[in-house]
Amino acid sequence: MSEKKIIEVKDAYCLPEDVLDAVHAAMNEDVGEIGSLFKILSDPTRLRILKALEVQSLCVCVLVECTDQQHSALSYHLKLLKEAGLVNSRRERSFQIYELTEFGNLLLKHIENHFEKA
């Protein structure tokens, strides 16, 4: 059976080799998707859209009026939110209705809870 090495870091801080390996593995994980999600959430307009959709599913026309954004700019924001899995859309007659996904709703609730506790 092999002996476990203890790795010393800066003379006083020691980590078992398996823990250090786990840390290295965590640092080498692909975090691109998480980074992309944070970029999407960093835009105030997109956060406002999510907050509005938290109240109720809404037609694009209502979102255009509430955000004072051009329809094309709002469509871009909604496209990013949809690609991130935060919103879905459906057509009702001639209206495009957007709503939070379960993931979008849970994420928004977790973020809000964090700031309520702070």
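As annotated in an unreviewed UniProt entry, the protein chain carries the name Transcriptional regulator, ArsR family and comes from Methanosarcina vacuolata Z-761.

A. Quick peek at the side chain of Asp43. Tracing the sequence through the fold places Asp43 in the loop between helix 2 (32-41) and helix 3 (44-55). Buried charge without a partner: Asp43 forms no salt bridge, and the closest opposite charge is Arg46, 4.1 Å away. A distance of 2.9 Å separates a polar atom in the side chain of Asp43 from the backbone nitrogen of Thr45.

B. A look at the pattern of salt bridges. Scanning the model with the defined rule gives 6 salt bridges in all. With a closest N to O distance of 3.4 Å, Glu54 and Lys51 form a salt bridge. Residue Glu54 and its partner Lys51 are located together in helix 3, separated by 3 residues, close to a single helical turn. You can call Glu54 partly exposed: its relative accessible area is 21%. A salt bridge links Glu92 to Arg90; the shortest N-O distance between them is 2.8 Å. On the accessibility criterion, Arg90 (32% relative accessible area) is partly exposed. Residues participating in the shared-partner salt-bridge network are Lys51, Glu54, Lys109 and Glu112.

About the thresholds
Residues numbered from 1 in each chain as written. Predicted model: local features only at pLDDT ≥ 70, side-chain atom pairs only at ≥ 80, totals over all residues. Heavy atoms only, no water. Helix = DSSP H or I, 4+ residues; strand = E, 2+ residues; numbered from the N terminus. Buried < 20%, exposed > 50% of the residue type's maximum accessible area, 1.4 Å probe, protein only. Lys, Arg positive; Asp, Glu negative; His and termini not counted. Salt bridge = Lys/Arg side-chain N within 4 Å of Asp/Glu carboxyl O. Polar contact = N/O pair within 3.5 Å; in protein donor to acceptor, adjacent residues only side chain to side chain.

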